[in-house]
Amino acid sequence: MSTKGTLLFILTSHSQLGTTGKTTGYYLPEVAHPLHVLSKHYNIRYATPLGGKSPLDPSSLEAFRDDPTCKEFLNNAQITAALENTEKLSDLSAADIDQLVGVFFPGGHGPMFDLADNKDAANIVAKVYERGGVVGAVCHGPAGLVNVKINNGERYLVDGHNVTGFSNAEEDQVQLSSQMPFMLEDRLREHGGKYSKAAEPWGEHVVGQGTRLLTGQNPASSFAVANAIVEALAKKND
């Protein structure tokens, strides 16, 4: 077990994809890939708004069932059990939060519905960031960051930062823009984020290197954003 501190993965509890009748949740590689990197360096805790099971988006299971890292993840009984029994965000104590060196939001469409306005998640992020911790997110995970305020609520966390997340073009391509409670790219811009994206949809794109706020655009960015988090925390501890 790592002695370098604890990272909190904040995952979704939401399983319904708008009015489509389809199931959503977290997107498999956006947990499996970062976890593969980050668990080598840090202890990992998992929390959700409701506690208990964080639902897995079945479409991601189908798309990435042959991905070696995802297969390793799915075959790890300890990890899968942890995601069936996540901690409830509101149950994390001040002492728990003080132990965190960072927070990470995986993607999947679920976070768009239950993490953007979750006050417990926002409180944890603000506290960790303001005392020097690292905050990261990938794909739709930045939904958990869009409404976070710092400096006693005076400004949005993303204001003035280079940020990315699932783009409008990518949302249009998966034909789910009409099902979203808001468009992630638009909201990041509206709250002062300096949004950028890959030259083409689905390309790897990570921003925030050299800062303590790191975001990746899409599933292809999952490994890269995790490596950037490791680098940010190593620099912080130098």
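Residues numbered from 1 in each chain as written. Predicted model: local features only at pLDDT ≥ 70, side-chain atom pairs only at ≥ 80, totals over all residues. Heavy atoms only, no water.

As annotated in an unreviewed UniProt entry, the protein carries the name D-lactate dehydratase and is attributed to Lichtheimia ornata. Taken from UniProt, the Catalytic activity (unreviewed entry) comment for the protein reads in full: "methylglyoxal + H2O = (R)-lactate + H(+)". (UniProt positions renumbered as here; feature names shortened; annotations may be inferred.)

Caption draft 1: Inspection of the pattern of salt bridges at higher detail. Taken as a whole and assessed by the stated rule, the structure comprises seven salt bridges. A salt bridge links Arg45 to Asp96; the nearest nitrogen and oxygen atoms lie 3.3 Å apart. Highlighted residues: Arg45 in strand 2 (residues 43-48) and Asp96 in helix 5 (residues 94-98), separated in sequence by 51 residues. For Arg65, the salt bridge goes to Glu62, with nearest N and O atoms at 3.3 Å. Salt bridges here are not isolated pairs; linked through shared partners, they connect Arg45, Glu87 and Asp96. (Salt bridge = Lys/Arg side-chain N within 4 Å of Asp/Glu carboxyl O. Helix = DSSP H or I, 4+ residues; strand = E, 2+ residues; numbered from the N terminus.)

Caption draft 2: Looking closely at the packing of aromatic side chains. Counted under the stated rule, the structure contains four aromatic pairs. Ring geometry for Phe166 and Trp202: centres 5.4 Å apart, planes at 65°, overall edge-to-face. In this pair, Phe166 sits in the loop between strand 8 (162-163) and helix 8 (168-173) while Trp202 sits in the loop between strand 9 (194-195) and strand 10 (206-207), placing the two residues 36 residues apart along the sequence. When its relative accessible area of 4% is taken as the criterion, Phe166 is described as buried. Through a chain of ring-to-ring contacts, the aromatic side chains of Phe9, Tyr46 and Phe104 assemble into a single cluster. The cationic tip of Lys149 hangs over the ring face of Tyr156; the distance from NZ or CZ to the ring centre is 4.8 Å. Above the plane of the ring of Tyr129 lies Arg212, whose end atom (NZ or CZ) is 4.1 Å from the centre. (Phe/Tyr/Trp six-rings, centres within 6.5 Å; stacked < 30°, edge-to-face > 60°. Buried < 20%, exposed > 50% of the residue type's maximum accessible area, 1.4 Å probe, protein only. Lys NZ or Arg CZ within 6 Å of the ring centre and 35° of its normal.)

Caption draft 3: Summary view of the nonpolar core. Among the nonpolar cores identified, the biggest contains 70 residues, and Phe9, Phe73, Phe105, Ile124 and Leu145 are the most heavily contacted of them. Looking at which element gives the most residues to this core, the answer is helix 10 (residues 222-237), with eight residues. Contact partners of Leu145, with chain neighbours within four places excluded, come to Phe105, Val125, Val135, Ala137, Leu157, Val158, Leu213 and Thr215. (Core = buried A, V, L, I, M, F, W, Y, C linked by side-chain atoms within 4.5 Å. Contact = heavy atoms within 4.5 Å.)

Caption draft 4: Quick look at the side chain of Asp96. On the basis of relative accessible area, Asp96 is assigned to the buried category, the value being 19%. For Asp96, the residues in contact, after removing those within four places along its chain, are Arg45 and Asp91.

Caption draft 5: Region of interest: the sheet that holds strand 3 (residues 87-88). Read across the open sheet, the seven strands follow the order 3-2-1-4-5-11-10; overall the sheet is mixed. Strands with a single pairing partner mark the edges of an open sheet, and in this sheet they are strand 3 and strand 10. Bridging between strand 1 (residues 6-10) and strand 2 involves five bridges; their strand directions are parallel. Bridge pairing in strand 2 places Ile10 opposite Ala47. On the sheet, helix 1 (residues 28-38) packs against strand 1, strand 2, strand 4 (100-105) and strand 5 (134-138) and is oriented at approximately 180° with respect to strand 1. (Pairing = 2+ DSSP bridges. Axes fitted to C-alpha atoms, helices over the stretch in contact; angles between N-to-C directions.)

Caption draft 6: Geometry of the environment of Ala81. Here Ala81 shows up in helix 4 (residues 77-84). As a C-alpha pair, Ala81 and Lys53 span 28 residues in sequence and 8.9 Å in three-dimensional space.

Caption draft 7: Region of the structure containing helix 7 (residues 119-130). For helix 7, which comprises twelve residues, the first-to-last C-alpha distance of 16 Å matches the rise-based estimate of 16 Å (1.5 Å per residue) to within 8%. Taken together, the buried positions of helix 7 are Ala121, Ile124, Val125, Ala126, Val128 and Tyr129. Here the buried face of helix 7 lies against strand 1, helix 5, strand 4, strand 5, strand 6 (149-150) and strand 11 (213-216). Two residues or fewer past helix 7, Gly132 is found with a positive phi of approximately 100°. (Expected span 1.5 Å × (residues − 1).)

Caption draft 8: Main features of the pairing of strand 1. Counted residue by residue, strand 1 has five buried out of five residues, so it is predominantly covered. Because side chains alternate across strand 1, one face comprises the buried residues Thr6, Leu8 and Ile10, and the other comprises Leu7 and Phe9, equally buried. On the question of chirality, the crossover connecting strand 1 to the parallel strand 2 by way of helix 1 is right-handed. Pairing analysis gives four bridges linking strand 1 to strand 4, with the strands arranged parallel. Paired with Leu8 across the two strands is Val103, which belongs to strand 4. (Right-handed = clockwise from strand over helix to strand, strands pointing away.)

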